[in-house]
Amino acid sequence: MENAKIILTAENMTKSFGITRALKGVPLQLKSGEVLGLIGENGSGKSTLTSIIAGIQPADAGEIRLNGAPYGAQSSVEACRQGICMILQEKATFDHLSVAQNIFVGDEKRFGRFGILDIKRMNREAEDILKSIGITGLEVKKKIAECSFEEGKLVELARAASTDPQILIVDETTTALSQNGRNILYRMMEKMKRENKSIIFISHDIDEMMEKCDRLMVLRDGDYIDTIGRGDFSAARIKKLMVGREIADNYYREDHTCSYDKEVVLKLEEVSTEHLHNINLELHRGEILGFSGLADSGMHDIGKAAFGAIRLSSGRVCDKDGETVKNPQAAMHKKIAYIGKNRDQESLFINSPIKDNISVASLKKLSKNTFIPPRKEREFVLEWAERLEVKMQDIDQYVMELSGGNKQKVALAKWLGFGADIFILDCPTRGIDIGVKASIYRLMENLKAQGKSILLISEEMPEVIGMSDRIIVLKDGVQSGEFERDETLSEHALINCMV
Amino acid sequence: MERLKKINLKTVFPFLGLAAVIILFQVLTGGKVFSIRNLKAIMNDSFFILIGTVAFSFIMAVGNLDLSMGTVMAVSCTCAAFASGISPVLAIPAAVLAGLVLGCFNGFVHVHMGLGSLIGTMATQSVFQGILVLLLDGGTLAAPVSMLKWGSNGLKITVMILVSLVGAYIFNFTAYGKQCKAVGACSEAARLSGVSVKKVKYMTFIVMGGVVGLLGLFSLIRTGTASAATGGTLMMNVWCAALLGGLPLSGGSACRFRSAVIGSFTMAFLANGMTLMGLGTHDKQLIQGIVFLAAIAISFDRKNLVVIK
Ligand SMILES: Nc1ncnc2c1ncn2[C@@H]1O[C@H](COP(=O)(O)OP(=O)(O)OP(=O)(O)O)[C@@H](O)[C@H]1O
Ligand SMILES: [Mg+2]
């Protein structure tokens with residue numbers, strides 16, 4: 001491994017966006033057959049660096065060499081042709097195209113026959129690709145719009161696999177995937193490694209990084225900090241390099257007792273949707289109720305149903321007074337907040353300024369006799385953006401321009417500013433760095449202490465185990481297990497109920 | 001300093017456009033643009049354009065369009081003419097009510113029948129046209145002469161200023177205005193933020209109807225008749241004004257209220273200047289068509305197309 005061939009080198013990579021200096025002369029070396037981890041806080045420049053390598057945007061300065069020759073792909077298609085393929089942090093599939101069309105997007109010519117697309121052959125080959133990376137049960141004719149967020153990501157994986165890249169860049173994808181989705185990705189990475197191909201892997205999960213990567217490169221505020229080899233990995237050291245100072249280790253809740261009031265604040269009565277069957281559950285005052293399950297378990301529907309955001313085929317959701325939660329508006333009236341998983345499409349207006357995004361849920365609160373004073377709105381937005389440490393130029397910056405984790409912070413700021421009594425959080429820490437993650441966990445503890453309740457739906461099992469009073473495991477749309485907070489509770493116990 | 005960089009070309013373009021139109025015709029007509037008599041004519045032109053565009057800007061903020069406004073104006077005008085036959089004062093509620101009802105119908109077609117606003121209002125436009133033909137029965141209707149006296153310049157200016165101020169207030173400083181822009185930015189995210197998307201969309205059409213109904217009334221006061229030709233130029237003028245002012249077709253947070261005002265005056269000066277130059281109706285139509293095309297080409301946000309995945 002030590003003297004493996006270097007296939008990609010980048011030197012002095014520099015990139016600015018207006019006054020934001022996203023990269024300040026960063027070097028990178030990638031050996032063949034290795035997984036290089038890229039780690040750093042939100043907005044440290046990971047996505048910027050890798051998207052330059054993948055031809056998605058140009059650098060201001062710097063030189064990249066691929067296999068010793070100068071390399072400068074002008075587009076992702078060109079990069080792909082040269083063997084570099086990237087799976088983006090954001091959604092990158094086309095809603096109105098089918099799964100198969102998405103897999104071969106940009107490469108449809110292959111299926112042309114007398115100017116007509118040979119859809120049958122395309123579908124067949126798409127099926128082969130899905131099968132080859134272990135995705136089962138995904139209908140290739142289905143439109144992406146009908147797929148779940150995770151399925152969309154898996155389609156992107158399949159798209160990458162279909163180009164058989166020499167270098168695969170995986171940007172913050174695992175937090176969008178459930179256990180089985182992750183395993184598919186890991187298997188794909190291992191296979192590439194065996195074939196002496198290379199991977200650049202980005203994640204905020206330090207344990208995952210230490211397990212999967214051969215070397216870790218740390219970025220901080222656009223600066224290259226250090227690279228450490230597998231032998232020197234230690235969580236404390238990595239965290240210190242990332243943040244620049246020692247940070248405490250108390251991540252999740254310290255107490256080990258399941259505690260909540262008797263009062264039921266939200267109730268699902270025999271709720272069924274497309275993915276759920278007869279779900280009954282009660283959320284109590286001051287309780288953090290966790291949900292865990294695989295991709296097809298329907299756990300994301302629980303959040304939507306509880307917020308009145310999807311049609312129930314039967315059953316009902318009601319609040320503490322027994323009133324039905326019919327739609328999101330009614331839910332907000334009962335002081336329920338919901339942060340969805342599909343950030344760019346459902347939680348945020350990415351083409352709008354940060355200000356509009358944070359204030360939209362609180363307009364009623366901000367207005368006095370219909371009038372919303374601009375000063376008051378700005379102060380409100382600024383307060384919450386700062387409390388969540390959103391890294392931005394100012395509150396008029398477009399959300400589109402923020403790094404992935406900072407977008408998530410904006411979504412959180414919107415709902416924390418709204419000040420709900422019940423928070424439904426679907427993957428709340430997706431893409432958020434360890435420092436801010438820890439403060440979100442403290443915040444959740446505070447909310448609990450104030451008697452607020454949280455429905456925590458998450459793909460991160462340590463998070464669910466570490467934070468919840470009770471955990472419900474779902475399998476195929478029905479409850480398959482329930483656990484109380486306990487020191488000895490392990491991921492194994494949960495997984496056993498999932499599969 | 002930071003604000004400075006955001007004043008980009010797109011923001012100043014509408015102002016430049018207005019200035020260019022004024023200067024151009026001032027030069028071409030040898031200074032006739034700013035004569036008192038002509039300013040009155042411009043006021044009369046801009047009255048309809050401005051008020052129509054103010055209401056239309058809410059529809060655009062939501063990301064919708066309206067093809068039926070001219071016909072709605074004609075129907076309202078006709079209803080007002082009928083009512084004025086009974087008693088002139090009745091013309092006022094008749095016009096506004098007719099507009100509101102038709103606006104409601106537009107809302108129904110878009111929100112409940114789920115048709116896109118473009119197709120939907122294209123369909124309702126032809127329905128309204130049919131109603132108009134039935135009501136007019138091939139002729140024209142005249143209003144009592146006493147009504148013509150209502151149309152003082154003072155009243156028009158007051159109404160214009162009032163509508164603009166109320167429009168600006170709602171657009172910029174109320175929850176409803178912000179919700180319109182939120183729906184235009186991403187309706188699903190708006191829905192999940194507690195915005196009643198259907199209600200907001202409905203409302204934009206109802207308000208549009210009511211406002212255009214009011215314009216129908218003023219048209220009756222101005223010309224004294226209601227005919228099939230009433231409101232024929234409204235839609236083109238309003239669309240042009242909105243686009244020249246810089247309202248994006250995609251809606252959302254990029255919509256500014258000032259666009260409606262600036263665009264309306266640009267359009268009014270343009271129409272007036274062409275009349276001053278002695279151009280015929282057909283020439284005017286051709287030039288306006290070209291201006292419309294240019295405005296759409298410039299304001300069409302191609303970047304947004306990438307986002308609409
Ligand atoms: N198109 C853009 N316009 C303006 N600023 C941008 C743009 N893209 C990125 N930035 C800024 O560059 C910096 C680096 O962003 P980048 O997306 O590379 O961070 P990251 O390390 O991937 O963070 P995260 O962990 O949150 O994904 C951020 O401050 C971000 O706001
Ligand atoms: Mg990123």
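Not measured: the values here are computed from a predicted model. Here the residue numbering is sequential within each chain, running from 1 through the sequence in written order. Following the order in which they are written, the chains are lettered starting with A and the ligands numbered starting with 1. Per-residue local features are limited, in this predicted model, to residues with pLDDT of at least 70; the limit for side-chain atom pairs, both in listing and counting, is 80 or more; totals at the level of whole chains, interfaces and linings are taken over all residues. Side-chain numbers here rest on the full set of heavy atoms in the structure, without hydrogens or water.

**Quick word on the overall build of chain B**
The cut-off we apply is this: Secondary structure elements are defined from DSSP: runs of H or I of at least 4 residues count as helices, runs of E of at least 2 residues count as strands, and each element is numbered from the N terminus. For the radius of gyration, the atoms used are the C-alpha atoms, and the globule rule reads 2.2 Å times the number of residues raised to 0.38. Three labels apply to residues, based on accessible area from a 1.4 Å probe with only protein chains included: buried if under 20% of the type maximum, exposed if over 50%, partly exposed otherwise in between. In what follows, residue pairs with any heavy atoms lying within 4.5 Å of each other are defined as contacts. Residue exposure ignores everything except the shown protein chains as possible cover, and the areas themselves are Shrake-Rupley values with a 1.4 Å probe.
Along its length, chain B carries 15 helices and two strands. Its C-alpha atoms give chain B a radius of gyration of 19 Å, within 12% of the compact-globule value 19 Å for 309 residues. Counting all 309 residues of chain B, 50% fall into the buried class. In chain B, 80% of the contacts between residues at least 6 apart in sequence involve partners at least 24 apart. With an accessible surface of roughly 13,800 Å², chain B has 73% of that area assigned to carbon and sulfur atoms.

**Points about the nonpolar core**
Rules: Remark: nonpolar core denotes a set of buried residues (Ala, Val, Leu, Ile, Met, Phe, Trp, Tyr, Cys) joined through side-chain atoms within 4.5 Å.
Core analysis: the largest hydrophobic core is formed by 118 residues, its most contacted members being Phe201, Leu266 and Phe307 of chain A. Excluding residues that lie within four positions of it along the chain, Leu266 of chain A makes contacts with Leu281, Glu282, Leu283, Ala306, Val317, Cys318, Val325, Ile336, Ile422 and Leu455 of chain A. Counting residues in each nonpolar core, the second largest holds 83 residues, with Ile22, Ala91, Leu234 and Met274 of chain B among its members.

**What to know about the packing of aromatic side chains**
All names here are of chain A. Under the convention used in this document: Note on ring pairs: Phe, Tyr and Trp rings are taken, using the six-membered ring of Trp, and paired if centres are within 6.5 Å. Classes follow the plane angle, with under 30 degrees stacked, over 60 edge-to-face and the rest tilted. By the criterion adopted, a ring carries a charge over it if an Arg CZ or a Lys NZ lies within 6 Å of its centre and within 35 degrees of its normal.
A complete count under the given rule lists 19 aromatic pairs over all chains for this structure. Ring geometry for Phe307 and Trp415: centres 6.0 Å apart, planes at 85°, overall edge-to-face. Of this pair, Phe307 sits in the loop between helix H9 (299-306) and strand S16 (314-319) while Trp415 sits in helix H15 (residues 404-418); the two residues are 108 residues apart in sequence, bridging distant segments of the chain. Considered together, Phe307 and Trp415 belong to a single accessibility category, that of buried residues. Of the aromatic side chains, those joined through ring pairs into one cluster are Phe307, Tyr338, Trp415 and Phe418. Here Lys212 stacks its cationic end above the ring of Tyr186, 4.0 Å away from the centre of that ring. The lysine or arginine in question, Arg387, covers the ring of Trp384, its NZ or CZ lying 4.1 Å from the ring centre.

**Examining the coordination of the magnesium ion (ligand 2)**
Residues and elements named next belong to chain A. Our working rule: Only N, O and S atoms count as donors, using a 2.8 Å cut-off from the metal and 3.2 Å for Na, K and Ca, and because water is excluded some sites may appear unfinished.
For the magnesium ion (ligand 2), the full set of protein donor atoms is Ser47 (OG) and Gln89 (OE1), and the range of their distances to it is 1.9 to 2.2 Å. Of this pair, Ser47 sits in helix H1 (residues 46-53) while Gln89 sits in the loop between strand S6 (84-87) and helix H3 (99-103), placing them 42 residues apart in sequence. By relative accessible area, Gln89 is classed as buried at 10%.

**Re the side chain of Ser359 of chain A**
All names here are of chain A. Basically, it comes down to this: Throughout this description, a polar contact denotes any pair of N or O atoms lying within 3.5 Å of each other; where both atoms belong to protein, one of them has to be capable of donating a hydrogen while the other can accept it, and for residues adjacent in sequence the pair is counted only when both atoms sit in side chains.
In this structure, Ser359 sits in helix H12 (residues 354-359). When its relative accessible area of 2% is taken as the criterion, Ser359 is described as buried. There is a polar contact of 2.9 Å between the side chain of Ser359 and the side chain of Glu377. Among all residues touching Ser359, those that are not within four sequence positions of it are Leu366, Glu377, Phe380 and Val381.

**A look at the pairing of strand S21 (residues 478-484) of chain A**
Put simply, the test is: What makes two strands pair is DSSP finding at least two bridges between them.
The pairing of strand S20 (residues 470-475) of chain A with S21 of chain A spans six bridges and is antiparallel. Its bridge partner being in S21 of chain A, Val473 of chain A is matched across the sheet by Gly481 of chain A.

**Things to note about the interface of chain B and chain A**
To keep it simple, the criterion reads: Two parts placed together each lose some accessible area under a 1.4 Å probe, and adding up what both lose gives the buried area. One speaks of a salt bridge when a side-chain nitrogen belonging to Lys or Arg is within 4 Å of a carboxyl oxygen belonging to Asp or Glu. All amino acids are sorted into three groups, where Ala, Val, Leu, Ile, Met, Phe, Trp, Tyr, Cys and Pro are nonpolar, Asp, Glu, Lys and Arg are charged, and the leftover types, Gly among them, are polar.
Every contact between the two is made by 26 residues of chain B and, on the other side, 38 residues of chain A. Carbon and sulfur atoms supply 54% of the area buried between chain B and chain A, which totals about 2,600 Å² over both sides. Remark: the boundary between chain B and chain A carries one salt bridge. The partner of Glu377 of chain A in a salt bridge is Lys178 of chain B, and the shortest N-O contact between them spans 2.8 Å. Applying the counting rule to chain B against chain A returns eight residue pairs in polar contact (both at pLDDT 80 or more). Secondary structure elements with two or more residues in the side of chain B that touches chain A: helix H1 (2-6), helix H8 (153-173), helix H9 (175-185), helix H10 (187-191) and helix H15 (302-307) of chain B. For the side of chain B that touches chain A, the element with the most residues is H9 of chain B, which contributes five residues. Taken together, the residues of the side of chain B that touches chain A sort by class into eleven nonpolar, seven polar and eight charged.

**Re the sheet that holds strand S17 (residues 336-339) of chain A**
Residue and element names in this part refer to chain A. Note the cut-off: Comment: axis = line fitted to C-alpha atoms, over the contacting stretch for helices; angle = value between 0 and 180 degrees taken between N-to-C directions.
If you walk across this open sheet you meet the six strands as S17-S18-S19-S15-S20-S21, and the pairing is mixed. Lying at the two open borders of the sheet, with one neighbouring strand each, are S17 and S21. Pairwise comparison of adjacent strand axes, ignoring direction, gives a mean angle of 15° for this sheet. As paired elements, S17 and strand S18 (residues 422-426) share four bridges and run parallel to each other. By the bridge assignment for S18, Ile336 is matched with Ile422. Strand contacts of H15: S17 and S18, with the helix running at about 175° to S17, the strand carrying the most contacts.

**With respect to the pattern of salt bridges**
Residues and elements named next belong to chain A. Tallied over the full model, the rule gives 41 salt bridges over all chains. Among the ionic pairs, Lys304 bridges to Glu346, the shortest N-O distance being 3.1 Å. Remark: Glu346 occurs in helix H11 (residues 343-347) and Lys304 occurs in helix H9; sequence separation between them is 42 residues. Across the pair Lys334 and Asp319 runs a salt bridge, and its minimum N-O distance is 3.9 Å. Residue Lys334 is found in the loop between helix H10 (328-333) and S17, and its partner Asp319 is found in strand S16; the two are separated by 15 residues along the sequence. When its relative accessible area of 11% is taken as the criterion, Asp319 is described as buried.

**A short note on the confidence of the model for chain B**
Residues and elements named next belong to chain B. The test is simple: Each residue carries a pLDDT score, the predictor's confidence in it, ranging from 0 to 100.
Summary statistics for chain B give a mean pLDDT of 90 and a share of 94% for residues scoring 70 or more. The least confident element of chain B is H15, whose mean pLDDT is 44; the most confident is helix H5 (residues 91-112), at 97. Low pLDDT, under 50, characterises residues 1-6; the stretch is placed with ten contacts to residues that sit more than four places away or in other chains. Across the assembled chains, the prediction reports ipTM 0.88 with pTM 0.87.

**What to know about the site of ligand 1**
Residue and element names in this part refer to chain A. Here is the rule we go by: For this purpose, a residue is taken to be near a molecule or strand whenever a single non-hydrogen atom of the residue falls within 4 Å of it.
Near ligand 1, the surroundings consist of 19 residues, among which Gly43, Ser47, Thr48, Ser403 and Gly405 are the closest. For ligand 1, an oxygen atom lies 2.9 Å from a polar atom in the backbone of Gly45. Residue Glu401 places a main-chain N or O atom 3.2 Å away from an oxygen atom belonging to ligand 1. At the level of elements, strand S2 (20-31), H1 and H15 are the ones that each hand at least two residues to the shell around ligand 1. Examining the composition of the shell around ligand 1, we find that three residues originate from one element, H1, more than from any other. Grouping the constituent residues of the shell around ligand 1 by class yields three nonpolar, twelve polar and four charged.

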